[in-house]
Amino acid sequence: MPILGRAGGRQDPMPVRHPGTPILPTRTRLRAAVLAGSLFPWAQASAGDVFWHLHGPAGPWFWPVVLGGLLVLLFGALGLHNRLLRRQVAEHTRALREANATLRAERDFSQSILNASPAFFVAIDTEHRVRLMNPAMLRALGYSARQVQGHPFASLCVPEEEREALHAVFQHMLRTGHPIQHESHVVARDGERLLVEWHGNTVRNGQGQVEYFFALGLDITERRRTQAQLEHIAHYDLLTGLPNRTLLQNRISHALDVARRRDRQVAILFLDLDRFKVVNDSLGHAYGDELLRQVSDRLRRRLREEDTLARWGGDEFIVLVDEVDDPQGLSLLAEGILAELAEPYRLSNGQEVFVGGSIGISLYPEDGRSAEQLIMKADTAMYQAKDQGRSNYQFYTSALTLAANDRLALETSLRHALEREEFTLHYQPRVRTQDDAMIGVEALVRWHHPDRGLTPPDAFIPMAEETGLITPLGLWVLRTACRQAQTWMRLYGAPIHMAVNLSMRQLRQPDLISQIDAILRDTGLPAGSLELELTESVLMAGDGRTLSALAELKALGVRLAIDDFGTGYSSLAYLKRLPIDALKIDRSFVSDIPHDVSDMAIAATIIAMARTLGLEVVAEGVETPEQLAFLKREGCDSYQGFGFSPPVDAQAMTLWLDGLAREHRIARA
């Protein structure tokens, strides 16, 4: 009976064991057979087969089976490793794809943020050329991306006056690496200026070198405009547009600080309108507001640009004069304001109304050392003005009030002096230096004041200039002097030159030329016998109109001279352009000759310069023989002064000319 049998009862023969084949232990061979069966499922054997192969005579198949099993095990391990490797590659590939997708998403997100952002963004390389600009900034500037790419940022949109500051910002970031905050303007393609608040930084490479700058910008144009409007509302009166109390007090405090350091005076003029309440109550607040606006416009025109006009409240205004050279000048200012206010006002309804004003004036440091004190004192003085009849002004200090009253009285008298024939002319001879022959006279105006007596020109000419009275007074002087010169020329048969001073206000009169021409025709005086004298300061302060007026006067035939020469700052280049005939050396350079070497040098230089330019030279204020001898030696053409004759009236000058005529000392040419 077989020990083990196959299915079907077929009995396999026992394997033959070859000689030399080792006999393995049964347990070992069994394990090998089981291992082979596990590795070769297709070679699964029955228990009998396994037992037979392990115990039968076929022992030599054992090692091939074991070796094959090892190879199968090795290839299986390699296959497993390959599958693991493919899995890792697949996982890495998937991770890379996910990372790329994330980067693309982040890039798209960043780009969408830049595209959607209303803020400006610009990236600039180290050569200050544009590398990137977002759509918001491109739209604001009016460019496309292609148009800005690679272009210098400064020349593209930065105002020329701000480019140096922008360059300094770039250098600061380049040097320090610190972020910056900076405000500057950009100019759009159509010329619109935008104010931008920039927040910038640098991008550096691995070596720490700056590769480019970038900046995020906020358009703050509207914000600043709104801030300015709020600032204006906080510091300016909404009705008139004038500074309000807050701004006025700030400016007064600042003016006082400056005045303390410079030892200067500051003035406060407190103005209250007279009869405004009647207009406001009868016509209504709307027309009252319109009147206040008209008043503020008039007051603005009366003041200097550096003065501050503020609305204090209601119908009260305050004027701050932060540099007072002469307190008496405040009287002129107050008078001008009152005169301006007294003119009629025409409202939009056609109604003509009249208001006046009362002004109180206080001075720092005499009347107070703070804004509150000065305003209070000016307010007190304003009520004093109202108590004295309104439409006048009062200084808080009684002494200044008396002086201002005196000046007001003098101005009032001056306004009536011409019509009352209180002016007269005195004449001072001009004498030829070489032979003492008289060649002409200078007309000098005097005022016979009914209470003060004979008033010198220094006391009233500046007032006439400031008030505009110099224009009618100057015409009277011209006409009277020309008539007198023509009378003397007929009497003595000699060409007597008549010199008359001309002011800047007269020179700027549009009808001056026609007026002088009419005077010459009416009096019969030859144009060549009239010499118009203008001070050096007047000529240097002139412009193209001055040169044009001088050219027209010269074309008329009159002579032109520069008076008080040497006291101004004449440019020789400008002097050459003037159509003048003579220079008059100021008396300040003559009075100390021969004791002052500097004055002698200046006088000699003026004479030499005039001779070089072909101009006549006249010395003023000659009083001593030594002065005359020096001028004669230096070649001065003529002189005038007390050394020959003081200014005298027409009657005395006629007697003087009689004596000179008998001595044949009136020049014939």
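It should be emphasised that the depicted structure is a prediction, and the values quoted were computed from it without experimental measurement. (Residues numbered from 1 in each chain as written. Predicted model: local features only at pLDDT ≥ 70, side-chain atom pairs only at ≥ 80, totals over all residues. Heavy atoms only, no water.)

Draft legend 1. Representation of the overall build of the protein in the model. When its secondary structure is counted, the protein shows 24 helices and 22 strands. In the protein, buried positions account for 43% of the 669 residues. Restricting the contact set of the protein to residue pairs at least 6 apart, pairs at least 24 apart contribute 63%. If you sum the accessible surface of the protein, you get close to 35900 Å²; carbon and sulfur atoms cover 55% of it. (Helix = DSSP H or I, 4+ residues; strand = E, 2+ residues; numbered from the N terminus. Buried < 20%, exposed > 50% of the residue type's maximum accessible area, 1.4 Å probe, protein only. Contact = heavy atoms within 4.5 Å. Areas by Shrake-Rupley, 256 points an atom, 1.4 Å probe, with all protein chains shown as cover.)

Draft legend 2. Seen up close, the packing of helix α9 (residues 245–262) against helix α13 (residues 371–387). Taken N-terminus to C-terminus, the directions of α9 and α13 make an angle of 110 degrees; their axes are 9 Å apart at the nearest point. By the angle class used here, α9 and α13 are roughly perpendicular. Contact residues: α9 offers Gln249, Ile252, Ser253 and Leu256, while α13 offers Ala371, Glu372, Leu374 and Ile375. Grouping the constituent residues of the contact of α9 with α13 by class yields five nonpolar, two polar and one charged. (Axes fitted to C-alpha atoms, helices over the stretch in contact; angles between N-to-C directions. Parallel < 35°, antiparallel > 145°, perpendicular 65-115°, else oblique. Nonpolar A, V, L, I, M, F, W, Y, C, P; charged D, E, K, R; others polar.)

Draft legend 3. Seen up close, the pairing of strand β4 (residues 193–204). Bridge count between strand β3 (residues 180–187) and β4: eight bridges; the pairing is antiparallel. Within β4, the residue paired with serine 184 across the bridge is valine 196. Adjacent in sequence and paired antiparallel, β3 and β4 are bridged by five residues, among which glycine 191 carries a positive phi angle near 95 degrees. Note that β4 and strand β5 (residues 210–219) share nine bridges and pair antiparallel. Following the sheet pairing, histidine 199 is matched in β5 by leucine 216. Counting the residues that bridge the hairpin from β4 to β5 gives five residues, and of these glycine 208 lies at a positive phi of roughly 80 degrees. (Pairing = 2+ DSSP bridges.)

Draft legend 4. View of the confidence of the model for the protein. Summarising the model, the protein shows a mean pLDDT of 84, and 87% of its residues fall at 70 or more. Of the regions scoring below 50 in pLDDT, residues 1–12 engages in eight contacts with residues more than four places distant in sequence or in other chains. In this model, residues 50–58 is a region of pLDDT below 50 whose contacts with residues beyond four sequence positions or in other chains number 26 contacts. (pLDDT = per-residue confidence, 0-100.)

Draft legend 5. View of a nonpolar patch on the surface. The grouping of Leu67, Leu70, Leu71, Leu73, Leu74, Phe75 and Leu78 at the surface amounts to a nonpolar patch, some 720 Å² of accessible area in total. On the secondary structure map, leucine 71 appears in helix α3 (residues 62–116). Leucine 71 gets classed as partly exposed once you look at its relative accessible area, which sits at 42%. (Patch = residues over 30% accessible without salt bridge, like charges linked within 9 Å, V, L, I, M, F, W, Y side chains within 5 Å. Salt bridge = Lys/Arg side-chain N within 4 Å of Asp/Glu carboxyl O.)

Draft legend 6. Representation of the packing of aromatic side chains within the structure. Scanning the model with the defined rule gives 10 aromatic pairs in all. Ring centres 6.3 Å apart and planes at 80 degrees place the aromatic pair phenylalanine 153 and tryptophan 198 in the edge-to-face group. On the criterion of sequence distance, the pair formed by phenylalanine 153 in helix α6 (residues 153–157) and tryptophan 198 in strand β4 is long-range, its members being 45 residues apart. Classification of phenylalanine 153 as buried rests on a relative accessible area of 4%. Ring centres of phenylalanine 170 and phenylalanine 213 lie 5.0 Å apart, and the angle between their planes is 45 degrees; on these two criteria the pair is classed as tilted. A residue pair is termed long-range when its members are at least 10 positions apart, and phenylalanine 170 in helix α7 (residues 163–176) and phenylalanine 213 in strand β5 qualify at 43 residues. Here phenylalanine 170 falls in the buried class, since its relative accessible area comes to 7%. Phenylalanine 213 sits in the buried class, given a relative accessible area of 2%. Ring pairs connect the aromatic residues Phe423, Trp447, Phe460 and Trp476, which therefore count as one cluster. Stacked on the ring of tryptophan 312, the Lys or Arg arginine 245 has its end atom at 4.1 Å from the ring centre. (Phe/Tyr/Trp six-rings, centres within 6.5 Å; stacked < 30°, edge-to-face > 60°. Lys NZ or Arg CZ within 6 Å of the ring centre and 35° of its normal.)

Draft legend 7. Focus on the packing of helix α11 (residues 285–302) against helix α12 (residues 327–342). One way to put it is that α11 packs onto α12 with a least axis distance of 10 Å and a crossing angle of 145 degrees. Judged by the twist between their axes, the crossing of α11 over α12 is right-handed. Residues Val295, Arg298, Leu299, Arg301 and Arg302 of α11 pack against Leu333, Gly336, Ile337, Glu340 and Leu341 of α12. For the contact of α11 with α12, the residue count by class is five nonpolar, one polar and four charged. (Left-handed = near helix turned anticlockwise from the far one by under 90°.)

Draft legend 8. Summary view of the pattern of salt bridges. Counted by the stated rule, this structure contains 32 salt bridges. One salt bridge in this structure joins glutamate 533 and arginine 430, with 3.5 Å as the shortest N-O distance. Separated by 103 residues along the polypeptide, glutamate 533 in strand β17 (residues 530–535) and arginine 430 in strand β13 (residues 423–432) bring together distant segments of the chain. There is no split in this pair, since glutamate 533 and arginine 430 are both buried. Its salt-bridge partner being aspartate 517, residue arginine 521 comes within 2.5 Å of it at the nearest N-O pair. On the criterion of helical spacing, the pair formed by arginine 521 and aspartate 517 is a turn pair, its members being four residues apart in helix α18 (residues 512–523). With relative accessibility at 57%, the residue arginine 521 sits in the exposed group. The class of aspartate 517 is partly exposed, set by a relative accessible area of 26%.

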